[in-house]
Amino acid sequence: MNHVNNVVYLQWVQDVSEAHWMAVATPHILEKYYWVALRHEIDYKSQAYLGDELLVKTHLKEYGGVRSKRAVQIYRKADNQLIMESLTTWILMSASTNKPTRISEEMIQLFPLITS
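Just so you know, these numbers come straight off a predicted model, no measurement behind them. (Residues numbered from 1 in each chain as written. Predicted model: local features only at pLDDT ≥ 70, side-chain atom pairs only at ≥ 80, totals over all residues. Heavy atoms only, no water.)

S.K.: Describe helix H1 (residues 6–24), with residues and values.
M.R.: Helix length check: H1, at 19 residues, gives a terminal C-alpha distance of 28 Å against a target of 27 Å (1.5 Å per residue), a fit within 8%. Along H1, the positions that sit buried rather than exposed are Tyr9, Val13, Val16, Ser17 and Trp21. Viewed along the axis of H1, the buried residues span an arc of 135 degrees, placing them on a single side of the element. Facing away from the buried side of H1 by over 90 degrees, the exposed positions are Val7 and Ala23. Looking at the buried positions of H1, the neighbouring elements they touch are helix H2 (27–32), strand E1 (33–44), strand E2 (54–64), strand E3 (67–76), strand E4 (81–94) and helix H3 (105–110). With a side-chain oxygen lying 2.8 Å from the backbone nitrogen of valine 7, the N-terminal cap of H1 falls on asparagine 5. (Helix = DSSP H or I, 4+ residues; strand = E, 2+ residues; numbered from the N terminus. Expected span 1.5 Å × (residues − 1). Buried < 20%, exposed > 50% of the residue type's maximum accessible area, 1.4 Å probe, protein only. Arc of directions from axis to C-beta. Contact = heavy atoms within 4.5 Å. Polar contact = N/O pair within 3.5 Å; in protein donor to acceptor, adjacent residues only side chain to side chain.)

And the structure:
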């Protein structure tokens, strides 16, 4: 059918989330922490097809304790059509203990919230 499969959208959500984390987090933070997904909510608005150029956007929407919520939107560049939007709940993990750990003020400063 030449359209993007649902599993591919989920992979893109993972990929853009990781890319944002790796691009902004300091080496110290990258060494001490990692994230695991707790919940994905995906709303499919339209279809993307083979050959479509897409724009992927992401931002943090909420922090609380050990959890954060990250939004991802995918648009078709040709007509700015929203294709998919997701909200993922992530849990911050300590690399030394492999247990959930509270989100620090330093991390909140590096990844400001966008609530709209």
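Next comes the rest of the account.
S.K.: Can you tell me about the sheet that holds E2, naming the residues and giving the values?
M.R.: Taken in spatial order, the four strands line up as E1-E4-E3-E2 in an open sheet, and their pairing is antiparallel. Of all strands in the sheet, those with a lone pairing partner are E1 and E2, marking the two edges. Averaged over neighbouring strand pairs, the angle between their axes works out to 25 degrees when direction is ignored. Note that E1 and E4 share eleven bridges and pair antiparallel. (Pairing = 2+ DSSP bridges. Axes fitted to C-alpha atoms, helices over the stretch in contact; angles between N-to-C directions.)

S.K.: Give me the environment of proline 100: which residues, what numbers.
M.R.: Positionally, proline 100 belongs in the loop between E4 and H3. Separated by 60 residues in sequence, proline 100 and histidine 40 have C-alpha atoms that sit 18 Å apart. Beyond its immediate chain neighbours, meaning those up to four positions away, proline 100 contacts Val66, Ile91, Leu92 and Met93.

Such coordinate-based values are descriptive only and should not be taken to indicate function.
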